[in-house]
Amino acid sequence: MLFNSIEFLFFFPIVTLLYFILPHKFRWLLLLIASCVFYAAFIPEYILILFATIIIDYFAGIQLGKNYSQSKKKSILLISLIANIGILAIFKYFNFFVDNYNQLFQFIGFNNFQRIPHWDLILPIGLSFHTFQAMSYTIEVYRGNQQPERHFGIYALYVMFYPQLVAGPIERPQNVLHQFHEHHFFNSTKFWNGIRLMLWGLFKKVVIADRLSIYVNQFYQNPDQSPALNLFMATLFFTIQIYCDFSGYSDMALGAAESMGFNLMINFKRPYQAGDIQEFWSRWHVSLSTWFRDYLYIPLGGNKKGEIRKYFNVAVVFILSGFWHGANWTFIVWGFLHAIGNSITMFWKSFKRPISIPILPQLATFSFVALAWIFFRADSLSNAWIILSKIGNINDYSFENLFPMVSGIQYGLKWHFLVFILIVFMYFLEKYTDERLYVFNKKPGFDLIFTILILTLSITLGVFNNSSFIYFQF
């Protein structure tokens with residue numbers, strides 16, 4: 001089920017109302033059933049995959065809480081991790097490895113080798129997200145930072161909680177599990193904070209992201225036939241689109257949870273204001289970047305085993321982060337570029353003072369991130385290279401293509417001006433969502449104006465075509 005769908009317009013108020021009406025002891029069951037309905041709206045049978053991993057990790061957590069030897073606990077943890085990663089590998093990466101295996105042997109001239117056929121599998125929605133959340137549970141229980149959850153239904157809810165089930169934030173058990181045991185009374189402040197946050201996320205998704213996506217899709221689908229200026233504009237637009245799409249989802253997830261009294265991790269902290277690549281990743285998809293930091297970078301040695309090892313660890317983290325996003329070489333290159341960017345930033349900071357020229361660090365960081373997004377968005381490495389080549393060739397630019405016709409719509413001066421105003425509006429208003437909207441409680445008049453304005457803009461300017469969120473494919 002999509003947050004920007006008619007179905008969710010009915011689903012959310014019904015679930016939230018029932019949550020506060022029902023006695024506390026039945027609320028976990030309501031949320032678990034609601035989460036199953038929410039997920040089953042995509043591909044119902046794939047809910048069985050979630051339950052398979054939930055059963056494995058639940059019993060693994062129980063065993064990890066017992067007084068076993070360290071070696072036995074490691075074996076139990078390993079079984080749990082292999083089960084989770086194995087399912088992820090089969091559904092998300094099997095065909096990628098098959099393709100590369102077949103192409104490798106064909107390239108070196110083994111034309112008679114037995115080709116491995118594709119598996120006709122559809123990637124379950126949000127598989128990477130709930131896999132990482134499930135893994136964080138068993139790892140934290142193994143480390144002794146979290147007691148095993150003995151209530152099976154509560155643990156299942158931890159993995160399947162509908163607001164963050166399909167695109168995060170990727171939560172830690174220490175932050176969420178105890179909240180499912182707590183008795184949440186209706187709190188008008190939290191409820192309206194949640195509603196406003198959901199409206200803000202909806203605005204970013206349907207008014208900005210989905211409006212820009214039409215333009216981006218047109219020129220990224222056929223880059224060899226697209227003018228350089230339009231590819232340049234599409235790249236800038238995608239940079240804004242992916243932020244509004246993903247942070248919009250996160251806002252709606254946090255808002256849906258907060259309306260019932262739950263607090264989830266803030267996933268975005270105005271990342272395009274970062275002054276370097278390191279800072280960007282402390283602001284962008286925070287739940288994923290901290291997951292890789294806590295469960296991969298630090299266990300690899302972090303920065304404690306010398307300079308060469310530190311940069312190697314950074315490379316491993318970001319390349320795997322890219323691969324986490326998708327089974328395509330474009331994502332691996334995207335991750336590698338960010339590994340280079342982070343390594344250069346770390347090296348620069350080790351012996352130089354930060355650049356003190358106003359705006360320049362932010363502009364340089366934004367430019368790097370925008371160019372790297374080309375590999376994230378392009379269908380293939382060859383298409384990414386075409387886009388980069390055209391954008392980099394100033395002689396190919398022609399202002400005749402500034403206002404193109406896209407899908408029968410003239411993207412003229414008025415459209416560009418409207419998009420500019422909306423982006424600027426969002427940029428300046430984002431600071432209020434960074435503070436979780438508490439500022440609105442102190443200014444009722446501002447609150448009313450904000451709510452009416454955002455709702456009006458969403459209804460009148462929104463693109464309601466049931467467009468899925470970009471990160472649902474991961």
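Note: the structure precedes this text.
Residues numbered from 1 in each chain as written. Predicted model: local features only at pLDDT ≥ 70, side-chain atom pairs only at ≥ 80, totals over all residues. Heavy atoms only, no water.

A look at helix α12 (residues 307–325)
In step 1: The terminal C-alpha atoms of α12, which comprises 19 residues, lie 28 Å apart, in line with the 27 Å expected from a rise of 1.5 Å per residue.
In step 2: Among the residues of α12, those classed as buried are Lys310, Asn313, Val314, Val317, Phe318, Ser321, Gly322, Phe323, Trp324 and His325.
In step 3: Next to the buried residues of α12 lie α4 (70–107), α5 (127–143), α10 (277–283), α11 (286–297), α13 (329–351) and α14 (360–377). (Helix = DSSP H or I, 4+ residues; strand = E, 2+ residues; numbered from the N terminus. Expected span 1.5 Å × (residues − 1). Buried < 20%, exposed > 50% of the residue type's maximum accessible area, 1.4 Å probe, protein only. Contact = heavy atoms within 4.5 Å.)

Things to note about the packing of helix α6 (residues 152–160) against helix α7 (residues 173–181)
In step 1: Between α6 and α7, the least distance of the axes is 10 Å, while the angle of their chain directions is 130°. Classified by the interaxial angle, the pair formed by α6 and α7 is oblique. With respect to the hand of their crossing, α6 and α7 are arranged in right-handed fashion. Together, Ile154, Tyr155, Leu157 and Tyr158 of α6 and Pro173, Val176, Leu177, Phe180 and His181 of α7 make up the contact between the two elements.
In step 2: Residues of the contact of α6 with α7, tallied by class, amount to eight nonpolar, one polar and no charged. (Axes fitted to C-alpha atoms, helices over the stretch in contact; angles between N-to-C directions. Parallel < 35°, antiparallel > 145°, perpendicular 65-115°, else oblique. Left-handed = near helix turned anticlockwise from the far one by under 90°. Nonpolar A, V, L, I, M, F, W, Y, C, P; charged D, E, K, R; others polar.)

Quick notes on the environment of Gly153
In step 1: If you trace the backbone, Gly153 turns up in helix α6.
In step 2: Overall, Gly153 belongs to the buried group, its relative accessible area being 6%.
In step 3: Between the alpha carbons of Gly153 and Leu29 there is a distance of 7.1 Å; along the sequence they are 124 residues apart.

Focus on the nonpolar core
In step 1: With 143 residues, the main nonpolar core has Tyr162, Ile208, Trp284 and Tyr471 as its most contacted residues.
In step 2: Broken down by element, the residue count for this core peaks at 17 residues, all from helix α8 (residues 188–220).
In step 3: Setting aside residues no more than four positions away along its own chain, Ile208 makes contact with Phe203, Ile240, Cys244, Leu422, Ile423 and Met426. (Core = buried A, V, L, I, M, F, W, Y, C linked by side-chain atoms within 4.5 Å.)

A look at the packing of aromatic side chains
In step 1: Scanning the entire structure with this criterion turns up 71 aromatic pairs.
In step 2: Consider the rings of Phe238 and Trp373, whose centres lie 6.2 Å apart with planes at 85°: the pair is edge-to-face. Of this pair, Phe238 sits in helix α9 (residues 228–258) while Trp373 is found in helix α14, placing the two residues 135 residues apart along the sequence. Each member of the pair, Phe238 together with Trp373, is buried.
In step 3: Arranged with centres 5.0 Å apart and planes meeting at 70°, the rings of Trp334 and Phe376 form a pair that is edge-to-face. Placement of the pair is Trp334 in helix α13 and Phe376 in helix α14, with a sequence separation of 42 residues. Of the two residues, Trp334 and Phe376, both sit in the buried class.
In step 4: The ring of Tyr19 has Arg27 sitting right over it, with the charged end atom 4.7 Å from the ring centre. (Phe/Tyr/Trp six-rings, centres within 6.5 Å; stacked < 30°, edge-to-face > 60°. Lys NZ or Arg CZ within 6 Å of the ring centre and 35° of its normal.)

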